[in-house]
Amino acid sequence: MPGEQDVCAVLVVRGDRVKVQGAWHEVRASRLDRSATGGAVIVLTLAGGSPLRVPVFLRPVVSRRDRDPEPGPGTDELR
């Protein structure tokens, strides 16, 4: 997908598309939250789906139409 790259989860914003279980999903909203263990997580509200809680250190595959592709090591597909 054009503009595909891995970014830190805290940088995922509305309008980005994230790869989850092999499919692309548009991000409608994102917010910072705490996990039950006290760590930080990003809650991504996906179009047509349930909110997804992602640890802030995870580097999901993200597609942004306004950027050139820059895939890199450490990319994680969300499950």
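In what follows, the structure referred to is the one given above.
This write-up is about the structure you can find in this document. Given the structure is predicted, the values throughout are model-derived calculations rather than measurements.

**Considerations on the pattern of salt bridges**
Part 1: On inspection of all chains with the given rule, the structure shows 3 salt bridges.
Part 2: Salt-bridge contacts for Arg-64 lead to Asp-16; the nearest nitrogen and oxygen are separated by 2.9 Å. You can see Arg-64 sitting in the segment after strand E6 (61–63) and its partner Asp-16 sitting in the loop between strand E1 (4–6) and strand E2 (17–20), a full 48 residues away along the chain.
Part 3: Assessed through its relative accessible area of 7%, Arg-64 is described here as buried.
Part 4: Across the pair Arg-53 and Asp-33 runs a salt bridge, and its minimum N-O distance is 3.0 Å. Here Arg-53, found in strand E5 (residues 52–55), pairs with Asp-33, found in strand E3 (residues 23–34); they are 20 residues apart in sequence, far enough to count as distant.
Part 5: Classification of Asp-33 by relative accessible area gives partly exposed; the value is 25%.

Quick notes on the rules
- Residues numbered from 1 in each chain as written.
- Predicted model: local features only at pLDDT ≥ 70, side-chain atom pairs only at ≥ 80, totals over all residues.
- Heavy atoms only, no water.
- Salt bridge = Lys/Arg side-chain N within 4 Å of Asp/Glu carboxyl O.
- Helix = DSSP H or I, 4+ residues; strand = E, 2+ residues; numbered from the N terminus.
- Buried < 20%, exposed > 50% of the residue type's maximum accessible area, 1.4 Å probe, protein only.

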